[in-house]
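Each chain, written out:
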Amino acid sequence: MNITKGVRNKLFLLLLIMGALPFIIVTVVATSNMSTQLEESAERDGRLRNSLVSEHVTELFEKNFNILHELALNPIIAQYLNSPSTADYRATINLLHDTNTILRDKNMAALTAVDANQLIRTDGSKLVSLSGRKHFYEAMRGRDFISDIIISRSTGKCIVVVEVPVKDRLNRPIGMVQRNLDLVNLQNFIKEQDTDEISVIVMDREGKTIVHSDRALNFEFEHSIDGRYKYIADRMVDKVGTFRARVDGEDSLVSYSRNWITDWAIVTVQPYRFIMERVHERFLEALIIGLCMLTIVVATAHIMAVRATRPIIEITNTADDIVRGSKNVEQLEIDSDDELGKMAAAFNKIRSSRDAYRLESELDKLTKLYNKSTTENIGKMKLKAFREQQPNETIMALYVIDLDHFKDANDTYGHQFGDRVLMEFSRNLRKKFRPNDCIGRFGGDEFVVIIDNLPGMEIVTRKAREIKQVASGLEIDGKNAGITASVGVAIIPQDGTDYDIVFKAADRALYHVKQNGRNGFYYDGAEAIG
């Protein structure tokens, strides 16, 4: 028994070292890399918040531009600019007042003549000349424009101006319509992104602070003097990036991006002291987990040593019985097999097969888009999230796309050519949509696109036209592939909020397009095929 106990102790020590040593090595390496990992996590968090703010800014100004474009195209506006009259004044000012009702805010709208003199303001303040204002001259060049922070000549408040030119039948500017945004809603949204560890700052093109999540800015005067973070804007060499800087006296990680519609700088500031606090917390967590795991390793090693040496004990006891001349020596029945080894090999094989199957089951092999099953699952999740959103202030769209003449091209030039058409169409189609939009291939030449968080039908129609343009402009080896697209569109919630119902609506719209000559798009309620 002494020999047996010696073997058991040695085996226990060996198993303990084999179990604890890899864990200790992994823990030490993980702890040494923890600071880098948390910094990378902070970078991702900052970029995510920047993206959320940028999308909010884009949505805000796209809504204003949509309303101002409708005003600029209204014949009453053009008529009043050409020949102001008392009779048309009331109709014109009512149109301007309606912008607040539609957009649910209290921002001022104004109409300005081609000589830079304001004709109407909805806030009742004095009319002023916009001579010398950049946004006016941009309008007279026929361009939509968003100004930097400026001081209103009428009210003295700091504002941002959104303007759209009004043009005559010869496409010449004859005036402009504008809205002066006080940015209170943007300030409130930014404060929602604020945490104890993260600050969000938005600056205009000149580096002046527009909103700050940590400060209740005074919109009466502070913007005109608050350029304290311009040094951050001066270090932005790309559209998106990260760097280290001292902000408000603290060493901080700065993540930034520029909004494409305003060119404003959106900055997320995270002091490094918070990152280091998380490093210390993680280290303590790792230490506690390590001690628990070490206890488990000790217990496991003891159990395995006992089980591994039990046959030796049985053999030793039997040998002692034989030496003593015992007549009651039982037959040894020791199973010697490799169950653990076989089990490990089986689990490894299952894991490898699962990983390969999961990747294969999610993506279409040829185009690398989502396959049919994955697309349907994502669509159902997006619709579920839409139903749970209260209230629903946005819409969704589901597009079913068939490539016209694809079979003819495939039969004429061969399957290799057809595969290149599908891959090139998929690659170009992906460029037209946001990263979070779902783009899938259902098989053959049928594709499905699902997009959510849309402010209105204008984007739905624009995206349908872009899908058509991708197909009709498709080139293989520098030559047009001769492909067009038929697109059926379903609108959520108008066509329903259940995936199967919505898909059938889009399929009916696609059938309508095909029955009317193909190469178009359609959705219920459209007057004609696009």
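Overview of the structure.

What counts and what doesn't
Residues numbered from 1 in each chain as written. Predicted model: local features only at pLDDT ≥ 70, side-chain atom pairs only at ≥ 80, totals over all residues. Heavy atoms only, no water. Helix = DSSP H or I, 4+ residues; strand = E, 2+ residues; numbered from the N terminus. Buried < 20%, exposed > 50% of the residue type's maximum accessible area, 1.4 Å probe, protein only. Contact = heavy atoms within 4.5 Å. Patch = residues over 30% accessible without salt bridge, like charges linked within 9 Å, V, L, I, M, F, W, Y side chains within 5 Å. Areas by Shrake-Rupley, 256 points an atom, 1.4 Å probe, with all protein chains shown as cover. Salt bridge = Lys/Arg side-chain N within 4 Å of Asp/Glu carboxyl O. Pairing = 2+ DSSP bridges. Axes fitted to C-alpha atoms, helices over the stretch in contact; angles between N-to-C directions. Left-handed = near helix turned anticlockwise from the far one by under 90°. Nonpolar A, V, L, I, M, F, W, Y, C, P; charged D, E, K, R; others polar. Arc of directions from axis to C-beta. Polar contact = N/O pair within 3.5 Å; in protein donor to acceptor, adjacent residues only side chain to side chain. Core = buried A, V, L, I, M, F, W, Y, C linked by side-chain atoms within 4.5 Å. Expected span 1.5 Å × (residues − 1). Parallel < 35°, antiparallel > 145°, perpendicular 65-115°, else oblique. Phe/Tyr/Trp six-rings, centres within 6.5 Å; stacked < 30°, edge-to-face > 60°. Lys NZ or Arg CZ within 6 Å of the ring centre and 35° of its normal.

1. Digging into the overall build of the chain
And step 1. Secondary structure summary: the chain contains 13 helices and 18 strands in total.
And step 2. In the chain, which comprises 530 residues, the share counted as buried stands at 43%.
And step 3. At a minimum sequence separation of 6, the contacts of the chain that also span at least 24 residues come to 59%.

2. Observations regarding a nonpolar patch on the surface
And step 1. On the surface, Leu13, Ile17, Leu21 and Ile25 cluster together to form a nonpolar patch covering roughly 370 Å² of accessible area.
And step 2. By the element assignment, Ile25 lies in helix α1 (residues 2–72).

3. Focus on the pattern of salt bridges
Opposite charge on two side chains lets them pair, provided their charged atoms get close.
And step 1. For the structure shown, the criterion picks out 25 salt bridges.
And step 2. Salt-bridge contacts for Asp437 lead to Arg434; the nearest nitrogen and oxygen are separated by 2.8 Å.
And step 3. Residue Asp437 is classed as buried on the basis of its relative accessible area of 7%.
And step 4. By sharing partners, the salt bridges in this structure join Lys382, Arg434, Asp437 and Asp452 into a single network.

4. Here's the deal with the environment of Val240
And step 1. Secondary-structure assignment places Val240 in strand β9 (residues 240–247).
And step 2. Counting along the chain gives 193 residues from Val240 to Arg47, while the straight-line C-alpha distance between them is 8.3 Å.
And step 3. Leaving out residues up to four positions away in the same chain, Val240 has contacts with Arg47, Tyr256 and Ser257.

5. Overview of the sheet that holds strand β13 (residues 438–443)
And step 1. If you walk across this open sheet you meet the 5 strands as β13-β14-β12-β17-β18, and the pairing is mixed. Each of the sheet's edge strands pairs with one partner strand only, and the pair in question is β13 and β18 (521–522).
And step 2. In terms of strand pairing, β13 meets strand β14 (residues 446–454) through 5 bridges, oriented antiparallel. Of the residues in β14, the one forming a bridge with Gly440 is Val448.

6. Thoughts on the packing of helix α11 (residues 415–431) against helix α12 (residues 457–472)
And step 1. At a minimum axis separation of 10 Å, α11 and α12 run at an interaxial angle of 145 degrees. As for the relative orientation of α11 and α12, their crossing is right-handed in sense. Residues Phe425, Asn428 and Leu429 of α11 lie in contact with α12, whose contacting residues are Ile467, Val470 and Ala471.
And step 2. By residue class, the composition of the contact of α11 with α12 is 5 nonpolar, 1 polar and no charged.

7. Side note on helix α10 (residues 406–413)
And step 1. For α10, the complete set of buried residues consists of Phe406, Ala409 and Asn410. Angular distribution of buried residues about the axis of α10 spans 100 degrees; they occupy a single face of the element. In α10, the exposed residues that point more than 90 degrees away from the buried face are Lys407, Asp411 and Thr412.
And step 2. Buried residues belonging to α10 abut β12 (395–404) and α11.
And step 3. One or two positions beyond α10, positive phi appears at Gly414, with a value near 105 degrees.

8. Remarks on the side chain of Asp105
And step 1. In this structure, Asp105 sits in the loop between α3 (86–103) and β1 (108–113).
And step 2. We classify Asp105 as buried; its relative accessible area is 15%.
And step 3. Polar side-chain contacts of Asp105 include one of 2.7 Å to the side chain of Arg179.

9. Points about the sheet that holds β9
And step 1. Reading across from one edge, β8-β7-β11-β10-β9 is the order of the 5 strands in this open sheet, with antiparallel pairing throughout. Edge strands, defined here as strands with exactly one partner in the open sheet, are β8 (209–212) and β9. Going from strand to strand, the sheet's axes swing by 25 degrees on average, the running direction of each strand aside.

10. Description of the nonpolar core
And step 1. In terms of nonpolar packing, the biggest core is built from 40 residues, with Phe61, Val177 and Trp264 touching the most fellow members.
And step 2. Examining the composition of this core, we find that 7 residues originate from one element, α1, more than from any other.
And step 3. Val460, Ala485, Val487 and Tyr523 belong to the second largest nonpolar core, which has 35 residues in total.

11. Some points on α11
And step 1. An ideal rise of 1.5 Å per residue puts 24 Å on 17 residues; α11 measures up with 25 Å between its terminal C-alpha atoms.
And step 2. Among the residues of α11, Phe417, Gly418, Val421, Leu422, Phe425, Ser426, Asn428 and Leu429 are the ones counted as buried.
And step 3. Elements in contact with the buried residues of α11: β12, α10, β13, β14, α12 and β15 (475–476).

12. Focus on the packing of α10 against α11
And step 1. Their axes nearest at 6 Å, the elements α10 and α11 cross at an angle of 140 degrees. By the angle between their directions, the pair α10 and α11 is classed as oblique. Of the residues in α11, those touching α10 at Phe406, Ala409, Asn410 and Tyr413 are His415, Phe417, Gly418, Val421 and Leu422.
And step 2. Across the contact of α10 with α11, the residue classes tally to 6 nonpolar, 3 polar and no charged.

13. Remarks on the packing of aromatic side chains
And step 1. All told, the structure shown has 8 aromatic pairs when counted by the stated rule.
And step 2. With a centroid separation of 5.3 Å and an interplanar angle of 85 degrees, the aromatic rings of Phe61 and Trp264 are classed as edge-to-face. Placement of the pair is Phe61 in helix α1 and Trp264 in the loop between β10 (250–258) and β11 (265–271), with a sequence separation of 203 residues. Residues Phe61 and Trp264 agree in their burial class; the two are buried.
And step 3. Counting every residue linked through ring pairs, the aromatic cluster contains Phe442, Tyr499 and Phe503.
And step 4. The side chain of Arg244 reaches across the aromatic face of Tyr272, ending 3.8 Å from its centre.
And step 5. In this structure, Lys463 is placed above the aromatic ring of Phe433, and the distance from its NZ or CZ to the ring centre is 5.3 Å.

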